[in-house]
Amino acid sequence: MRVLVVEDERRLADGIRIGLAAEGFAVDVAHDGTDGLWLARENPYDVIVLDIMLPGMNGYKICETLRGEENWTPVLMLTAKDGEWDQVDAFDLGADDYLTKPFSHPVLVARLRALVRRGGPERPTVLEAGDLRLDPAAKRAWRGDAEIDLTARELAVLEFLIRHRGDIVSKRDILGNVWDFDFDGDPNIVEVYVRHLRNKVDRPYGRNAIETMRGAGYRLARDGG
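Residues numbered from 1 in each chain as written. Predicted model: local features only at pLDDT ≥ 70, side-chain atom pairs only at ≥ 80, totals over all residues. Heavy atoms only, no water.

S.K.: So what's going on with helix H6 (residues 152–163)? Residues and values would help.
M.R.: Between its first and last C-alpha, H6 extends 16 Å over 12 residues, near the 16 Å set by a 1.5 Å rise per residue. The buried fraction of H6 is high, at 9 of 12 residues. Taken as a whole, H6 has its buried residues at Glu154, Leu155, Ala156, Val157, Leu158, Glu159, Phe160, Leu161 and Ile162. (Helix = DSSP H or I, 4+ residues; strand = E, 2+ residues; numbered from the N terminus. Expected span 1.5 Å × (residues − 1). Buried < 20%, exposed > 50% of the residue type's maximum accessible area, 1.4 Å probe, protein only.)

This is the structure:
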């Protein structure tokens, strides 16, 4: 899942980014309201974590502007303001959830996953492609009844492939949704993780679900291979 964090406290923003990345999220960070609004307009996010007190433009205005433009990306307000009327204002302007600082990281993760599930009927709790199943919240995957041991990044790549099962996805598609937009490393890292996945979810079970589409990218068979 791709998350935008708009938070001007750089240490906190870095902590959120590192924590969410460890859970398999792809995270972009903006440190002021102007950049946050621009990123939210320009990129497809699954959920936005939005501080209220921001330089440039406050979180209330960002949320109000996005809703006025019919951008319905789920928004979680993350703020030190804990008054009940602050919460009322946030919800009235279109926020979907509200979490006060200091907060528990596991609670933040759980709320973000809940927001994404509520964002559309196409996001079930457990993703399936034939007998290949993945539970994003529990960070677990199975072939039939056999559980597969995957790292957080492997799970994130597999989640993207299952959500787009039957479709051809390019390396750039995978990089843009599993790694950060500003990733400047070797794009062949995608090949490495696809190879890891094949060694874990296909070959031990005599399957060939993850196909290489020469010159185009990869495709996970709709039936899981």
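Read on, since the account is not over.
S.K.: Requested: an account of the environment of aspartate 32, with residues and values cited.
M.R.: Relative to the assigned elements, aspartate 32 resides in the loop between strand S2 (26–30) and helix H2 (33–42). Aspartate 32 sits 24 residues away from glycine 56 along the chain, and the two C-alpha atoms are 5.9 Å apart. Beyond its immediate chain neighbours, meaning those up to four positions away, aspartate 32 contacts Val6 and Pro55. Reaching out from aspartate 32, the side chain makes a polar contact with the backbone nitrogen of aspartate 35 at a distance of 2.8 Å. (Contact = heavy atoms within 4.5 Å. Polar contact = N/O pair within 3.5 Å; in protein donor to acceptor, adjacent residues only side chain to side chain.)

S.K.: Provide a residue-level description of the nonpolar core, including the pertinent values.
M.R.: Grouped together as the largest cluster of nonpolar side chains are 28 residues, with contacts concentrated most on Val157, Leu158, Leu161, Ile174, Trp179 and Leu220. Ranked by the residues each element gives to this core, the list is headed by H6, at 7 residues. Setting aside anything within four residues of it in sequence, one finds isoleucine 174 in contact with Val157, Phe160, Leu161, Val169, Trp179, Val190 and Tyr218. Core analysis: the second largest hydrophobic core is formed by 20 residues, Leu39, Leu50, Ile52 and Val75 among them. (Core = buried A, V, L, I, M, F, W, Y, C linked by side-chain atoms within 4.5 Å.)

S.K.: Help me get a handle on the packing of H2 against helix H3 (residues 59–68), residues and values and all.
M.R.: Angle between the axes and distance between the axes are the two parameters that describe a pair of packed helices. In contact at an axis separation of 10 Å, H2 and H3 are set at 25° when each is read in the N-to-C sense. It follows that H2 is roughly parallel to H3 by the angle criterion. For the pair H2 and H3, the crossing hand works out as right-handed. Each of Gly33, Leu37, Ala40 and Arg41 in H2 lies in contact with H3, whose residues at this interface are Ile62, Thr65 and Leu66. Its residues placed into classes, the contact of H2 with H3 shows 4 nonpolar, 2 polar and 1 charged. (Axes fitted to C-alpha atoms, helices over the stretch in contact; angles between N-to-C directions. Parallel < 35°, antiparallel > 145°, perpendicular 65-115°, else oblique. Left-handed = near helix turned anticlockwise from the far one by under 90°. Nonpolar A, V, L, I, M, F, W, Y, C, P; charged D, E, K, R; others polar.)

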